[in-house]
Amino acid sequence: MSDPLAEPDPHLSPSANGPNPRGAPPGAAAPDVTRESAEGFQSDDFFDHQPTSRAVLPDPEPLLINLTRCVIEVLAGARELDQLARWVSDDVYRHLLKRVVLSARARAVKGQRAQRPAITIGRVSINEPRDGIIEAVVIVHSKVRVRAVAVRLEGLDNRWRASAINVL
């Protein structure tokens, strides 16, 4: 006994057997079709990250200070990188993950253990090249040296998200 759902009925029209587009042979794969509305938007436009205006977003300086402190602690091995995942983009996460691995190897070679660095945050310089985009440099003072951390924040989905972080 054959299963009626396993095989298409050869007596029905090709459009009744499945989603084959008109003009495509029955064995060909259906092309990737995105649905467009009358306004010309694709469905992906509504489900992707939505840019947010600066007027809706909170003051970025506290986030810049805290994010900088956390990044320095992550690189020192005193904090887990996963704690920053919500505030950074995927590219930044991957970049920081590479830096964390290199820092851990360097500590292992020197025989040092991870410890929380004693830092103070210095001057925070903020520039806004476009609405909803913040580029900032945060100066970090430690006992040994002074570092600069460059951060780019983008307003996405009604909150700030770091799209670039570089520790210099």
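Just so it is clear, the structure is predicted and the values come from calculations on it, not from any experiment.

Q: What is the right way to read the overall build of the chain from this model?
A: Assigned secondary structure in the chain consists of four helices and four strands. Reading the helices (α) and strands (β) of the chain from amino to carboxyl end gives α-α-α-α-β-β-β-β. A total of 168 residues make up the chain; the buried ones form 24% of that total. Within the chain, contacts between residues at least 6 apart in sequence are counted, and of these 50% link residues at least 24 apart. Carbon together with sulfur atoms contributes 52% to the accessible area of the chain, which is approximately 11,900 Å² in total.

Q: Could you clarify how one ought to interpret the nonpolar core in this entry?
A: Generally speaking, nonpolar side chains in soluble globular proteins are found buried as a group. Ranked by size, the top nonpolar core spans 27 residues in total, and within it Leu 64, Leu 67, Leu 84, Val 151, Leu 153 and Ile 165 carry the most contacts. If you list the elements that add at least two residues to this core, you get α3 (61–76), α4 (90–110), β1 (119–130), β2 (133–142), β3 (146–156) and β4 (159–167). Broken down by element, this core gets its largest block of residues, eight residues, from α3. In this structure, Leu 84 is in contact with Leu 67, Cys 70, Val 71, Val 74 and Leu 96, ignoring residues within four places of it in sequence.

Q: How should the layout of surface pockets be read in this particular structure?
A: Leftover empty space is mapped by rolling, across the atoms, a probe with the size of a water molecule. In this structure, the largest pocket encloses a volume near 700 Å³. Lining the largest pocket are 21 residues, with Ala 76, Gln 115, Pro 117, Arg 145 and Arg 147 positioned closest to its centre. Within the residue set of the lining of the largest pocket, elements represented by two or more residues are α3, α4 and β2. No other element matches the five residues that α4 contributes to the lining of the largest pocket.

Q: Can you help me understand the pairing of β1 in this one?
A: For a regular strand, the rule is simple: side chains alternate between the two faces of the sheet. The sheet contact formed by β1 and β2 spans eight bridges and is antiparallel. Counterpart to Ile 121 in the pairing with β2 is Val 140. Counting the residues that bridge the hairpin from β1 to β2 gives two residues, and of these Gly 132 lies at a positive phi of roughly 85 degrees.

What counts, and where the lines are drawn
- Residues numbered from 1 in each chain as written.
- Predicted model: local features only at pLDDT ≥ 70, side-chain atom pairs only at ≥ 80, totals over all residues.
- Heavy atoms only, no water.
- Helix = DSSP H or I, 4+ residues; strand = E, 2+ residues; numbered from the N terminus.
- Buried < 20%, exposed > 50% of the residue type's maximum accessible area, 1.4 Å probe, protein only.
- Contact = heavy atoms within 4.5 Å.
- Areas by Shrake-Rupley, 256 points an atom, 1.4 Å probe, with all protein chains shown as cover.
- Core = buried A, V, L, I, M, F, W, Y, C linked by side-chain atoms within 4.5 Å.
- 1 Å grid on protein atoms, 1.4 Å probe; cavity = no way out; pocket = protein on both sides within 12 Å on 5 of 7 lines; lining within 4 Å.
- Points joined across faces, edges and corners; volume = space filled by probe spheres on them.
- Pairing = 2+ DSSP bridges.

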